[in-house]
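In case you want the letters, here they are:
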Amino acid sequence: MVSPLDRKLLRDLWRMKTQALAIGLVVAVGVMLLVMMSGLVESLDETRRAYYERYRLADVFAPVVRAPDQALDQLAAIEGVSAVEGRIAGSALIDMPDTDLPVQARAVSLPDFGEPRLNAVFLTSGRQIDRRRSNEILLLKSFADAHGLEAGDRLSATMHGARRSFEIVGIAQSPEFLYTTAPGELVPDDSRFGVIWMSRTAMEAAYDLDGAFNEALLDIGRAEDLPAVLAAADRILDDYGAIGAYGLEDQFSNRFISEEISGLRASSAGVPPIFLAVAAFLLNIVISRLLQAERQQIGLIKAFGYTNLEVTTHYFKLILIIAVGGALLGCLLGLAAGAGLIGVYVQYYKFPFLVFEIDPASFIIAVAASVAAAAFGGLFALRKIFALAPAVAMRPPTPPDYRGTGRFGGVLRQVLDQPTRMVLRRFIRHPGRSLGAIAGVSAGMALSAGMLSVMAGFDETVDTTFSVIDRSDVTVTFIEPLSDRTLHALAQLDGVIEVEAARNVAVILHHGVNSYRGGIFGVPPEARLFRAIDSDGQSLPLRGEGIVLSPGLADILGVGVGDRVRVDVRQGRRPQLELVVTGIAESLMGSPAYMELGALNRSMGEPNRTSGAYLRIDSRYRDDIYAALDAMPVVAGISVKQDAREAFQRMMDQGAGAMRFIMAAIAGLIAFGIVFNTARIAYAESAHDLASLRVIGFTKGEAAFVLLGELGLIVLIALPVGAILGYGLSYAIAEGFSTDLYQIPAGFSSASLGLAGLAVLAASVFSGWMVKRDSDRADLVSALKSRE
């Protein structure tokens, strides 16, 4: 049998259905973000682990100039090594009819017989290569899809200076190439970088490595053995030109995949709790004010003999239905959004399958936080009402005495009309209610402003990287460090306006217990086309033998200006250097380090060397310049800045950066829910007073002005407060979005704050219109009666 209180509960829910729905949606969007992001993290992490394990991705990579196959037996004898594979890898240029420039590629050997012990490939279509046919290849699926290639097609490529023709017999994927970029770039573009797999025999002939390998793959049983295995591998391969063995954590593709997952994990640990905390705070305020409006009903229930516990249980059921309903809706929305987004990540990172995982803890945390916030707000309001005798609670609160305004009241009477004075009095005489409403609207404004500022930060990252730091048009990479006389040949090409030398040296940087595997960019002291810049966007001077670090790299190493870092050079004569940090350069992509080009060459013992060049060209001669560069045998790769910029923008809009659009939408929904609830609750609290004003002669507009004027005053005060909170919040959100690939700047953005303010004002106007419509339609007799 349904109790009277339960029937009242159903009536109340129906009566306040719009408001309950709005409250539930505020809870739902906060919960959705937590469930969605935690699900993404778990799914990506588990998918990566399963893919690596199924296709036996190596734990150690040991590149070398040239080592005999007999060295593999020595590597296999290292303690802790469970499997060894020797292979040949090299660079290639693929000629594509749909591109102006040859496409850079990496060629990798596969065993002549059987499956590779390590780094197996997943064949998506076609068949495996036949070792007896040197012209057969497998092609990376993402590159094939970008150019519409399939098994049976043919292509030509330049390998080690010789042009060869190949037949594509299969399309493949590999856990080694989840994140693929052209050499020297950080942003993936499927159309501008490919991977070719060939038989070992064909690769030996192409790269003149008969009976030798230039990269060893090792599998180890325990992660604890990694440092000893790396050291032993370097000792064995040292006489053969070892470049330096490294673990899976430093492998290019895995490094960025891991960084993205770590960034998502950090974001899921930091950003959703901010949204959920704001939603919980608002829920607390809303429920508290809602129950304050139920004061007379609570007094009447107690007068009928119901105990405080029974009344508390009744209203707690109301709170639970709204809070749990919103949380469950948020969980379902989070599952749906996570399942949709995981497809984007799987496509972006080239996983051949998906292992969808959900973190149960996120459900528990989300529901518990929502219920706890609602319960706290409800119990706080009920405690104050229970302190009153039923007869007192049944009466409306004693109206405040406005006679004690003194001379201030006299000034108000001279300047303001009566409705405006009533608005100010209602605002001042209920400071707790007013401050709570201001806090709620400010929180919504802060979320919107913070997210919009971070979105502007994404655009700043693109502009700073591709317009301020890199001011070239084309980047040319040589097959090896060459004499700087090569630059004169480039400068003589028709249409080349400016040429600037550059050198990139692979290094490992050390400071104390911290280390980082990366590279040092050598640039001229007065660089114009590719510069190290300070926080103001001005060129940062490179002094003497010092090194300039990006902020991200300085944080990784734990160093500042004046500190010394140890540099292990991993190419050429491989010297060990001690360099002083002379500056911190602004960088929003990667973690670069810079040195003056002459000083870097002196440190390497290789004066007047350059491994590449930046060009500024006349666009009218573009095709001729591209053709001339393609014909130069010393050129290993050509990169067009505009292509890289467009690829990065696509990644921000369609790939990993797309998360910001979802979070911005969630922030907007929360902001709207806050303002709408504030207006609805204010109307519920004032319905009796507004009806009284109408009865004594106020027009509909004047009566509505008393309510909407208070709402407008709250919003006007909340806007600057929310802007200040949003400024601080943007730093926390930007930190959650930043990764090793790109850093998102945060700070004051007048356009972002303006848009956030307009969104809050639009929500206020809509909510005010809804409230005024209800006020105009109100039955005065019913409004003046007490509900029973």
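Residues numbered from 1 in each chain as written. Predicted model: local features only at pLDDT ≥ 70, side-chain atom pairs only at ≥ 80, totals over all residues. Heavy atoms only, no water.

Attention shifts here to the overall build of the chain. For the chain, the count of helices and strands is 23 helices and 20 strands. Taken over 788 residues, the chain has a buried fraction of 54%. Here the contacts in the chain between residues at least 6 apart in sequence split such that 81% fall between residues at least 24 apart. (Helix = DSSP H or I, 4+ residues; strand = E, 2+ residues; numbered from the N terminus. Buried < 20%, exposed > 50% of the residue type's maximum accessible area, 1.4 Å probe, protein only. Contact = heavy atoms within 4.5 Å.)

On to a nonpolar patch on the surface. Residues L21, L25, L329 and L333 make up a contiguous nonpolar surface patch of about 320 Å² in total accessible area. Those elements that place two or more of their residues in the nonpolar patch are α2 (17-54) and α9 (308-348). Position of L329 relative to the elements: it lies in helix α9. A relative accessible area of 33% places L329 in the partly exposed class. (Patch = residues over 30% accessible without salt bridge, like charges linked within 9 Å, V, L, I, M, F, W, Y side chains within 5 Å. Areas by Shrake-Rupley, 256 points an atom, 1.4 Å probe, with all protein chains shown as cover. Salt bridge = Lys/Arg side-chain N within 4 Å of Asp/Glu carboxyl O.)

Time to look at helix α6 (residues 226-237). Across its 12 residues, α6 extends 16 Å between first and last C-alpha, which sits within 8% of the 16 Å expected from 1.5 Å per residue. Where α6 is concerned, the buried positions are L226, V229, L230, A232, A233, I236 and L237. Residues of α6 that are buried make contact with β1 (60-68), α3 (71-76), β2 (81-87), β10 (212-220) and β11 (246-247). (Expected span 1.5 Å × (residues − 1).)

The next thing to look at is the packing of aromatic side chains. Counted under the stated rule, the structure contains 14 aromatic pairs. Judged by centre distance (5.8 Å) and plane angle (70 degrees), the rings of Y55 and F122 are edge-to-face. Placement of the pair is Y55 in the loop between α2 and β1 and F122 in strand β5 (residues 122-126), with a sequence separation of 67 residues. We classify Y55 as buried; its relative accessible area is 14%. For F122, a relative accessible area of 25% puts it in the partly exposed group. With centroids separated by 4.9 Å and ring planes inclined at 65 degrees, the aromatic side chains of F252 and F256 adopt a geometry described as edge-to-face. Of this pair, F252 and F256 both sit in helix α7 (residues 252-293), separated by four residues, roughly a single helical turn. Of the residues examined, F256 reaches a relative accessible area of 7% and is grouped as buried. (Phe/Tyr/Trp six-rings, centres within 6.5 Å; stacked < 30°, edge-to-face > 60°.)

Within a beta sheet, neighbouring strands are joined by backbone hydrogen bonds and run either parallel or antiparallel to one another. Strand order in the open sheet formed by four strands is β2-β10-β1-β11, and the pairing between neighbours is antiparallel. Unpaired on one side and paired on the other, β2 and β11 mark the two borders of the sheet. Relative to β11, β1 is paired through two bridges, and the arrangement is antiparallel. Paired with V60 across the bridge in β11 is G247. Where α6 meets the sheet, its contacts fall on β1, β2, β10 and β11, and the angle it forms with β1 comes to roughly 10 degrees. (Pairing = 2+ DSSP bridges. Axes fitted to C-alpha atoms, helices over the stretch in contact; angles between N-to-C directions.)

Before going further, it helps to spend a moment on the pattern of salt bridges. Counted according to the given criterion, the structure contains 28 salt bridges. With a closest N to O distance of 2.9 Å, R200 and D69 form a salt bridge. In this pair, R200 is assigned in helix α5 (residues 200-207) and D69 in the loop between β1 and α3, connecting sequence segments 131 residues apart. R222 serves as the salt-bridge partner of D225, at 3.0 Å between the closest nitrogen and oxygen. On the basis of relative accessible area, D225 is assigned to the buried category, the value being 16%. Salt bridges here are not isolated pairs; linked through shared partners, they connect R87, R106, E176 and E215.

What follows covers the pairing of strand β14 (residues 514-523). Bridge count for strand β13 (residues 496-511) against β14 is nine bridges, and the pairing is antiparallel. What sits directly across from A506, in β14, is G519. The turn linking β13 back onto β14 is made up of two residues, and G512 within it adopts a positive phi angle of 65 degrees. Pairing between β14 and strand β18 (residues 593-596): four bridges, direction parallel. Across the sheet, residue V523 finds its bridge partner in β18, namely E596.

Positionally, I168 belongs in strand β8 (residues 162-173). Expressed as a C-alpha distance, the spacing of I168 and E150, which sit 18 residues apart in the sequence, is 7.1 Å. With residues up to four places along the chain from it excluded, the contact list for I168 reads I137, L139, L149, E150, A151, G152, D153 and L155.

What follows covers the packing of helix α8 (residues 295-303) against α9. Direction vectors running N to C along α8 and α9 enclose 135 degrees, while the axes themselves pass 10 Å from each other. One element, α8, and the other, α9, form an angle in the oblique class. The handedness of the crossing between α8 and α9 comes out as right-handed. Contact with α8, carried on its side by Q297, I298, I301 and K302, involves N308, V311 and Y315 of α9 and no other residues of that element. The class makeup of the residues in the contact of α8 with α9 is four nonpolar, two polar and one charged. (Parallel < 35°, antiparallel > 145°, perpendicular 65-115°, else oblique. Left-handed = near helix turned anticlockwise from the far one by under 90°. Nonpolar A, V, L, I, M, F, W, Y, C, P; charged D, E, K, R; others polar.)

The contact between α2 and α9 brings their axes to 5 Å, and the two run at 40 degrees. Here α2 runs over α9; the crossing is right-handed. Taken together, the residues of the contact of α2 with α9 sort by class into 22 nonpolar, six polar and no charged.

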